[in-house]
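# Reading the structure
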Amino acid sequence: MEAFAINHCPYCLYSKHMDEKPGDRASVCRGLMAPIGMEYSSKKGYQLIHECLQCGKVGKNKVAINTIQEDQLISFMKSVV
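Quantities reported herein were computed from a predicted structural model and do not represent experimental measurements. (Residues numbered from 1 in each chain as written. Predicted model: local features only at pLDDT ≥ 70, side-chain atom pairs only at ≥ 80, totals over all residues. Heavy atoms only, no water.)

### Quick look at the pattern of salt bridges
- Counted under the stated rule, the structure contains three salt bridges.
- With its nearest N and O atoms 2.8 Å apart, the salt bridge here joins R25 to D19.
- In this structure, E39 and K60 form a salt bridge, with 2.6 Å as the shortest nitrogen-oxygen distance. Placement of the pair is E39 in strand β2 (residues 32-41) and K60 in strand β4 (residues 58-62), with a sequence separation of 21 residues.
- Residue classification places E39 among the partly exposed residues on the basis of a relative accessible area of 29%. (Salt bridge = Lys/Arg side-chain N within 4 Å of Asp/Glu carboxyl O. Helix = DSSP H or I, 4+ residues; strand = E, 2+ residues; numbered from the N terminus. Buried < 20%, exposed > 50% of the residue type's maximum accessible area, 1.4 Å probe, protein only.)

Written out as structure tokens, the structure is:
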């Protein structure tokens, strides 16, 4: 298992608006980021699409797979297939 931290809750999939650009932690908003969708990229794999409930910014986060806190979405997807 990989031991890196995920940037969203593995259960409800919400995140917190921390970045203006990926990884910069420069956002002053700090609003809740609601999961609004999901997409697949051949380079990054599955990504959650989040929208900030406070300012409306939309961003993407990699789905947590094979991590200490794997997303419950992954278990659900495996059980459906």
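### Concerning the environment of N7
- Along the chain, N7 turns up in the segment before β1 (15-16).
- Residue N7 is classed as partly exposed on the basis of its relative accessible area, which comes to 36%.
- Along the primary structure N7 and A64 are separated by 57 residues, whereas in three dimensions their C-alpha atoms are 8.8 Å apart.
- Those residues in contact with N7, other than ones at most four positions away along the chain, are S15 and N61. (Contact = heavy atoms within 4.5 Å.)

### Brief notes about the sheet that holds β4
- The four strands are arranged β1-β2-β3-β4 in an open sheet whose pairing can be described as antiparallel. At either end of the open sheet lies a strand with only one pairing partner, and these are β1 and β4.
- The pairing of β2 with strand β3 (residues 45-52) spans eight bridges and is antiparallel. When the bridges of β3 are listed, A34 appears paired with E51. (Pairing = 2+ DSSP bridges.)

### As for the state of the cysteines
- By the definition in use, this model includes zero disulfides.
- Counting only cysteine sulfurs, C12 is the nearest neighbor of C9, a cysteine outside any disulfide, at a range of 3.7 Å.
- As a non-bridged cysteine, C52 has C29 as the owner of its nearest cysteine sulfur, 3.6 Å distant. (Disulfide = S-S within 2.5 Å.)

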